[in-house]
Amino acid sequence: MMVVSTYIGIYYNVVICVAFYYFFSSMTPVLPWAYCNNPWNTPDCAGVLDASNLTNSSRPNQHGNLSHLLSHTLPRTSPSEEYWRLYVLKLSDDIGSFGEVRLPLLGCLGVSWVVVFLCLIRGVKSSGKVVYFTATFPYVVLTILFVRGVTLEGAFTGIMYYLTPQWDKILEAKVWGDAASQIFYSLGCAWGGLITMASYNKFHNNCYRDSVIISITNCATSVYAGFVIFSILGFMANHLGVDVSRVADHGPGLAFVAYPEALTLLPISPLWSLLFFFMLILLGLGTQFCLLETLVTAIVDEVGNEWILQKKTYVTLGVAVAGFLLGIPLTSQAGIYWLLLMDNYAASFSLVVISCIMCVSIMYIYGHRNYFQDIQMMLGFPPPLFFQICWRFVSPAIIFRLKNATKPSRDWGPALLEHRTGRYAPTIAPSPEDGFEVQPLHPDKAQIPMVGSNGSSRLQDSRI
């Protein structure tokens, strides 16, 4: 758990620092990613608000002409995408080309670590007070953005796209694996943070009630945030005259490309951009507090002598400095490749595996009867029968079933054909054009799609 929290703590603050960067960049009369007249823009850039860049000689007068040109005539890249790739990141060609450290990102990384340290300088005494604000104010911002979003033309289309299930995906194991990783990630299971924070509770605290409230609130918040996001994306799709699926994105592309571009279409766009990125910063800081406190508590409890208990502030400072230094490579031109690598492989499905081991260990090694008696001693009543059945049978079965989500492809094996012998012999006959010399282990991850808001894709070779 401590290893997972360490990995997440290193790269999560880099995400927060990018949010800080966008927050500071929004303090201008015109958002810097609104138009294509900047030095970093390419000839392929076509801004929604800068129709003159679509044609070098004429300006479209009709909305239909604008959407047609955006969708069909040119291989469009949005100004927000080019701002993200070419200015903020200065993205390198591959994962091995680190290039230069982006000094603006490095400065924002320092700011984010200083904020985290100051909020945790007195441990849970100070972080507990700060969390009252970081946990509640994002709901205020979400509500403001929701009210603004649902009043826009096309918002209903975006919300219906969000609520309409794609039944053909229901049988894909990867979908269930991603869903499991997301719910474990959002609830904080197997990070160690829940155990760390619970250690400061009173012995007879009703953790059963707390867990039910947190689980329901977490899922309800995720659904609510979906309405906020897709109402704005629906408005953007309506403005462009394209389907919502062509402007929707995931991961960093949604937070730093698609949604910022949608914000440029709103009146007083810098205000909405400030609110949005301020909300991202608060949400990130709330998570980072828990991660850093987990690491500090683990170190202090492991050493356990009187000196380190009195000097816990210095331990917090040391962990913060170490996290800052380890995060510097992630602010380089290849940093986003390493960040995605850590996010996809170090701290996603591993949470499911750790939770499965914990569940099986407690139920079948420590013993379910001992565990239930411990809960009854602390709460005054045994856990409900539903939870007993889930812990003993349902949860281990479901989690073990999710291993299918990580099965390798049929042609997995050594990259060079000469090494594919014995147990590594290919199970399917390779075609002449397949060439194993540069066969990636995960072909679907070998290229990072850069999607413009009209759906045109540009493939950036990551060579991971």
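Definitions and limits used
Residues numbered from 1 in each chain as written. Predicted model: local features only at pLDDT ≥ 70, side-chain atom pairs only at ≥ 80, totals over all residues. Heavy atoms only, no water. Disulfide = S-S within 2.5 Å. Buried < 20%, exposed > 50% of the residue type's maximum accessible area, 1.4 Å probe, protein only. Helix = DSSP H or I, 4+ residues; strand = E, 2+ residues; numbered from the N terminus. Polar contact = N/O pair within 3.5 Å; in protein donor to acceptor, adjacent residues only side chain to side chain. Contact = heavy atoms within 4.5 Å. Axes fitted to C-alpha atoms, helices over the stretch in contact; angles between N-to-C directions. Parallel < 35°, antiparallel > 145°, perpendicular 65-115°, else oblique. Left-handed = near helix turned anticlockwise from the far one by under 90°. Salt bridge = Lys/Arg side-chain N within 4 Å of Asp/Glu carboxyl O. Phe/Tyr/Trp six-rings, centres within 6.5 Å; stacked < 30°, edge-to-face > 60°.

Draft legend 1. Here's a closer look at the state of the cysteines. Within this structure, the stated rule accounts for one disulfide. Sulfur-sulfur distance for the disulfide between Cys 36 and Cys 45 comes to 1.9 Å. Across the disulfide from Cys 36 to Cys 45, rotation about the S-S bond amounts to roughly -70°, and the bridge is consequently left-handed. You'll find Cys 36 and Cys 45 in the same group, each marked buried. The closest cysteine sulfur to the non-disulfide-bonded Cys 390 is located on Cys 359, 9.5 Å from its own sulfur. Its relative accessible area of 14% is what places Cys 390 among the buried residues.

Draft legend 2. Molecular detail of the environment of Lys 129. Summarising the element assignment, Lys 129 is placed in helix 5 (residues 124-150). Considering only alpha carbons, one finds Lys 129 and Cys 119, ten residues apart in sequence, at a separation of 8.9 Å.

Draft legend 3. A look at the side chain of Ser 332. You can see Ser 332 is positioned in the loop between helix 13 (312-327) and helix 14 (335-345). The exposure class of Ser 332 is buried, given its relative accessible area of 6%. A polar side-chain atom of Ser 332 sits 2.7 Å from the main-chain carbonyl oxygen of Pro 329. Setting aside residues no more than four positions away along its own chain, Ser 332 makes contact with Leu 89, Phe 98, Glu 100, Val 101 and Arg 102.

Draft legend 4. Just the packing of helix 7 (residues 173-187) against helix 9 (residues 207-240), in detail. Where helix 7 contacts helix 9, the two axes come as close as 10 Å, and the packing angle between them is 120°. In terms of axis orientation, helix 7 runs oblique to helix 9. As for the relative orientation of helix 7 and helix 9, their crossing is right-handed in sense. Facing helix 7, whose interface residues are Ile 183, Ser 186 and Leu 187, helix 9 presents Ile 214, Ser 215, Asn 218 and Cys 219.

Draft legend 5. Examining helix 3 (residues 79-88) more closely. Of all ten residues in helix 3, eight are buried, a share of seventy percent or more. Just downstream of helix 3, Lys 90 is the residue with a positive phi angle, here 50°.

Draft legend 6. Looking closely at the pattern of salt bridges. Applying the stated rule across the entire model yields three salt bridges. Note that Glu 293 is salt-bridged to Lys 312, the shortest N-O span being 3.2 Å. Of this pair, Glu 293 sits in helix 11 (residues 269-303) while Lys 312 sits in helix 13, placing them 19 residues apart in sequence. On the accessibility criterion, Glu 293 (2% relative accessible area) is buried.

Draft legend 7. Spatial organisation of the packing of aromatic side chains. Following the criterion strictly, the structure yields 32 aromatic pairs and no others. By way of ring pairs, the aromatic residues Tyr 21, Tyr 22, Trp 33, Trp 40, Tyr 83, Trp 84, Tyr 87, Phe 256, Tyr 259, Phe 276 and Phe 277 are connected into one cluster.

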